[in-house]
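# Chains, contacts and geometry: an overview
Residue-level listing of the chains:
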Amino acid sequence: EIGKNKKAITTVQFRIEKRSIDNLSQLSVALSDHDSETIDRVTALAIHGTDLYVAGVWEAGFWDTIGIIEKFNTDIFGIEEPEIIFEQDYGYDDRTMALAVGKNCWGDGSDCLIAAGFSSDIGSGGDAAWRVDVLNISSNQLEYSILLDINSHKNDHVYALAVDDTSPAYYMYLAGYQ
């Protein structure tokens with residue numbers, strides 16, 4: 001029989017659409033495919049000026065995902081290839097679930113991109129910990145990274161992020177579960 005006991009290879013790629021807010025018409029589409037034999041998933045978006053940041057994961061192997069952040073230019077959206085600015089491969093399952101842009105993050109006028117999600121390590125029995133990465137937007141360089149294992153016996157996942165960059169203090173709010 002056709003298809004019986006056969007494992008299908010599924011290609012799923014990032015699809016990002018630019019649509020009009022007033023009538024929801026599609027203006028352009030960008031596709032990003034990282035490996036023809038994996039499932040790629042978009043998990044978060046953030047905009048800074050003319051840059052669109054897209055976070056997602058691609059499957060590197062059995063129960064192994066690698067988180068990536070790509071940058072598109074919104075002026076030529078759908079035409080250009082995105083630039084991969086950051087890869088998260090800390091262990092077994094690495095996922096960015098939320099993105100936010102912070103203004104003047106270090107008090108010197110530099111903006112930052114904050115990525116929050118979770119990472120797990122096969123050596124820890126798959127226990128996941130909250131992960132937060134802070135990148136300098138102008139250089140795409142990682143400035144800070146932290147893993148927070150809130151409940152060492154359970155999975156800890158961040159799913160939402162908000163930035164309060166009102167002067168004089170700068171904070172982020174993380175939400176998820178433990």
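None of the values given here were measured: they were computed from a predicted structure.

## Some words on the environment of Asp-22
Take Asp-22: it is sitting in the loop between β1 (14-19) and β2 (26-32). Residue Asp-22 is classed as exposed on the basis of its relative accessible area of 69%. At 2.2 Å, the side chain of Asp-22 and the side chain of Ser-20 are in polar contact.

## A short note on the pattern of salt bridges
Summed over all chains, the structure comprises four salt bridges. Across the pair Glu-17 and Arg-15 runs a salt bridge whose closest N-O atoms are separated by 2.9 Å. The salt bridge involving Glu-17 is made with Arg-19; its shortest N-O contact spans 2.6 Å. Given the relative accessible area of 30%, Glu-17 is considered partly exposed.

## Details of unusual backbone geometry
Even without glycine at this site, Leu-24 takes up a positive phi of about 65°. Within the secondary structure, Leu-24 is located in the loop between β1 and β2.

## Considering the packing of aromatic side chains
Counting across every chain of the model gives two aromatic pairs. Taking the centre distance of 6.4 Å and the plane angle of 40° together, the rings of Trp-106 and Tyr-144 count as tilted. Taken together, the residues span a long stretch of sequence, with Trp-106 in the loop between β7 (93-102) and β8 (112-120) and Tyr-144 in strand β10 (residues 141-148) at a distance of 38 residues.

Thresholds, definitions, all that
- Residues numbered from 1 in each chain as written.
- Predicted model: local features only at pLDDT ≥ 70, side-chain atom pairs only at ≥ 80, totals over all residues.
- Heavy atoms only, no water.
- Helix = DSSP H or I, 4+ residues; strand = E, 2+ residues; numbered from the N terminus.
- Buried < 20%, exposed > 50% of the residue type's maximum accessible area, 1.4 Å probe, protein only.
- Polar contact = N/O pair within 3.5 Å; in protein donor to acceptor, adjacent residues only side chain to side chain.
- Salt bridge = Lys/Arg side-chain N within 4 Å of Asp/Glu carboxyl O.
- Phe/Tyr/Trp six-rings, centres within 6.5 Å; stacked < 30°, edge-to-face > 60°.

Any functional reading would require information beyond the geometric quantities listed.
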